[in-house]
Amino acid sequence: MTNQELVLLKNFEEDSLWFNRNIEEIRKEGFTKKFVAIKGKQILEGNENIDFLIQQLEKKGENPSFIFIGFVYPKGFTLIL
Amino acid sequence: MKKIPLSVEHFAGNLRAIAHFLLRSEDPHLFIPIMAIVDTGSPLTLIGPLDLKKMRLSKIQIQKIEGKLNPINVGGGEVSTKILEKTKLKFSNTNVEIEMPVHFPLRGEENPTQPSLLGVDFMLKTKAKLYFNPSRKEAYFEIED
C-alpha cells in the first residue's frame, strides 16, 4: 500500500470510528435520520437526501468518494441485516 | 497465518465487526475507501447503495460491469446486482490484498441506508476464520498465507 493510500484509508477509518463512537452527540445536534459527512473528526455536512449531500460536498471542493458518510439511525433502532 | 484486524463498534442498534478497506478496480476505474459490516449471514460481498452513490459512476462505467442481473433480497427489499469480477480489496495495517467478485446493486428498491457487507464469499476466498468477541470488543480475520 502506498503512503498516499495508507493516509487516505487511515483518515477514512478514523472518521468512521469517530462517527460510530459519537453517534449520541450527533443525534443531539439534530442529525437523526440524516446522512452525515465526516472529515477530520468533524461534521462537514448533513442532509436527509444523500444525493443533495453529495452535491453539497462537491460544491465545497470535496471528493465524496474519499469522505466518510454515515446514516444516523434513530436511538433504539436495530438494523437486522 | 495473517491477521486482518477489525473494529467492533455499535452500529444501528448492536455491536458489529466492521472492516475498513480500499476497494479498487482497473476497468471501470474505481478507488474508494469502504466501511463494511462483516456479515456471516450474507453469502456474498455487496457494496451498499450509499457507497455506490459516492462513487458517482457514469452510465459508461456501469456498462463496464458485465454479466446478468442477479436478484437478491437485502434488508427486506429486492435489488438486482451485477458482479465486478476483478475487484481488489486492500486492508490497512496489513499487506493483504484480495481480488474477488463484488456485487454492485444497480437496480431495484434501493435503500441508501443499507451498509456495505463483507460476506462469507470473502471468507471462502481467503480461507479465513473469524474471531469475534463482542464483550471484549475484539475481532479479526485469521487467513492462511
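All values reported here derive from a predicted model rather than from experimental measurement.

> I would appreciate a short explanation of the pairing of strand β3 (residues 68-71) of chain A in the present structure.
Side chains on a regular strand alternate between the two faces of the sheet. All names here are of chain A. Side chains F68 and G70 of β3 all project onto a buried face; the interleaved residues I69 and F71 project onto the opposite face, where all are buried too. Strand direction decides the pairing type here: strand β1 (residues 35-39) and β3, joined by four bridges, are antiparallel. Each bridged residue has a counterpart across the sheet, and for A37 the counterpart in β3 is I69.

> What's the story with the interface of chain B and chain A in this structure? I'm lost.
In many reports, interface size means the accessible area that the parts give up when they come together. The partner chain A presents 24 residues to the 27 residues of chain B that form the contact. The residue makeup of the side of chain B that touches chain A, split by class, is eleven nonpolar, ten polar and six charged.

> Any chance you could explain the nonpolar core here in plain terms?
Looking at soluble globular proteins, one finds that nonpolar side chains tend to be buried together. Core analysis: the largest hydrophobic core is formed by 53 residues, its most contacted members being V36 and I69 of chain A together with L6 and I18 of chain B. Looking at this core, the element that brings in the most residues is strand β3 (residues 30-38) of chain B, giving seven residues. Leaving out residues up to four positions away in the same chain, L6 of chain B has contacts with A17, I18, A19, V38, A139, Y140 and F141 of chain B.

> Would you mind showing me how to read the environment of E9 of chain B here?
If you trace the backbone, E9 of chain B turns up in strand β1 (residues 2-11). A residue is classified by how many C-beta atoms lie within 10 Å of it, and E9 of chain B, with 20 of them, is buried. For the pair formed by E9 of chain B and N133 of chain B, sequence separation is 124 residues and the distance between their alpha carbons is 12 Å. Setting aside chain neighbours within four positions, we find E9 of chain B in contact with L17 and N20 of chain A together with R16 and I18 of chain B.

> Sorry if this is basic, but what is going on with the pairing of strand β2 (residues 42-47) of chain A here?
Residues and elements named next belong to chain A. Direction of pairing for β1 relative to β2: antiparallel, over a ladder of five bridges. Pairing of I38 across the sheet is with I43, part of β2. Between the antiparallel neighbours β1 and β2 lie two residues, among them G40 with a positive phi of about 60 degrees.

> Is there a simple way to think about unusual backbone geometry in this case?
Among all residues except glycine, the phi angle is most often negative; among peptide bonds, the trans geometry is most common. For the bond from D27 of chain B to P28 of chain B, the omega torsion is 5 degrees, close enough to zero to count as cis. Looking at where P28 of chain B falls in the secondary structure, it is placed in the loop between β2 (14-25) and β3. At K41 of chain A, a position not held by glycine, the phi torsion is positive, near 60 degrees. Tracing the sequence through the fold places K41 of chain A in the loop between β1 and β2. Look at R56 of chain B: it is not a glycine, yet its phi comes out positive at around 50 degrees. Along the chain, R56 of chain B falls in the loop between α1 (49-55) and α2 (59-63).

Parameters and conventions
- Residues numbered from 1 in each chain as written.
- Chains lettered and ligands numbered in written order.
- Predicted model: local features only at pLDDT ≥ 70, side-chain atom pairs only at ≥ 80, totals over all residues.
- Buried ≥ 20, exposed ≤ 12 C-beta atoms within 10 Å, placed from the backbone.
- Helix = DSSP H or I, 4+ residues; strand = E, 2+ residues; numbered from the N terminus.
- Pairing = 2+ DSSP bridges.
- Contact = placed C-beta atoms within 7 Å.
- Nonpolar A, V, L, I, M, F, W, Y, C, P; charged D, E, K, R; others polar.
- Core = buried A, V, L, I, M, F, W, Y, C linked by C-beta atoms within 7 Å.

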